Amino acid sequence: MLSVLTRGVVLASRRPVDGSQKTFEVAEGDSILDIAQANGLDMEGACGGSCACSTCHVIVDPEYYDKIPEPDDDENDMLDLAFGLTETSRLGCQVSMSKDLDGIRVALPAMTRNMQNKDFKS
């Protein structure tokens, strides 16, 4: 049985005018992409969470960034295609919730770019 984190994840709206934040209770092991989609937030995840696009790009609060395992080469390649890349950018499909990430805050960028691995294969 997965344990429910007490504060879970805080997702900030990608609409700067709105600036709203939502907090969700989540289970250990849930990805940020899964959480966003399960709660009707505007995160596409065009590749279905297989780390083959950048449509689940999120900006992680610097306080939590170093608590997340390092991105692998595939994630870094996809992040290179993300709109509005920052020092604390990650793909939501690659960030899984753990007790260390309880209360993590992530922001959705102003827009996403739907470029996938398959767009570059011949």
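Reading guide: rules and limits
Residues numbered from 1 in each chain as written. Predicted model: local features only at pLDDT ≥ 70, side-chain atom pairs only at ≥ 80, totals over all residues. Heavy atoms only, no water. UniProt positions renumbered as here; feature names shortened; annotations may be inferred. Core = buried A, V, L, I, M, F, W, Y, C linked by side-chain atoms within 4.5 Å. Buried < 20%, exposed > 50% of the residue type's maximum accessible area, 1.4 Å probe, protein only. Helix = DSSP H or I, 4+ residues; strand = E, 2+ residues; numbered from the N terminus. Contact = heavy atoms within 4.5 Å. Patch = residues over 30% accessible without salt bridge, like charges linked within 9 Å, V, L, I, M, F, W, Y side chains within 5 Å. Areas by Shrake-Rupley, 256 points an atom, 1.4 Å probe, with all protein chains shown as cover. Salt bridge = Lys/Arg side-chain N within 4 Å of Asp/Glu carboxyl O. Lys, Arg positive; Asp, Glu negative; His and termini not counted. Charge placed at Lys NZ, Arg CZ, Asp CG, Glu CD. Disulfide = S-S within 2.5 Å.

The chain is annotated in an unreviewed UniProt entry as Mitochondrial matrix iron-sulfur protein of Eeniella nana. Quoted verbatim from the Sequence similarities (unreviewed entry) heading of the UniProt record, the comment on the chain is "Belongs to the adrenodoxin/putidaredoxin family."

**A short note on the nonpolar core**
In this structure, Met-43, Val-60 and Ile-104 are the most contacted members of the largest nonpolar core, which totals 26 residues. Counting residues per element, the ones that place at least two in this core are α1 (32–38), β3 (57–60), α2 (62–65), α3 (73–79) and β5 (104–107). Not counting chain neighbours up to four residues away, the residues in contact with Val-60 comprise Tyr-65, Ile-68, Thr-88, Arg-90, Ile-104, Arg-105 and Val-106.

**Here we look at a negative patch on the surface**
A cluster of acidic residues, Asp-72, Asp-73, Asp-74, Asp-77 and Asp-80, forms a negative patch on the protein surface. Within the secondary structure layout, Asp-72 lies in the loop between α2 and α3.

**Some details on the state of the cysteines**
The final tally for this structure, using the stated rule, is 0 disulfides. Of all cysteine sulfurs, the one in Cys-53 lies closest to Cys-47, which takes part in no disulfide; the gap is 3.7 Å. Owing to a relative accessible area of 19%, Cys-47 belongs among the buried residues under this scheme.

**Side note on the pattern of salt bridges**
Taken as a whole and assessed by the stated rule, the structure comprises 3 salt bridges. With a shortest N-O distance of 3.5 Å, Lys-99 and Glu-28 are connected by a salt bridge. Of this pair, Lys-99 sits in the loop between β4 (89–91) and β5 while Glu-28 sits in the loop between β2 (21–24) and α1, placing them 71 residues apart in sequence. Accessibility expressed as a relative area gives 54% for Lys-99, which makes it exposed. A salt bridge links Arg-90 to Glu-75, with the nearest nitrogen and oxygen atoms 2.8 Å apart. Here Arg-90, found in strand β4, pairs with Glu-75, found in helix α3; they are 15 residues apart in sequence, far enough to count as distant. We note that Arg-90, like Glu-75, is buried.

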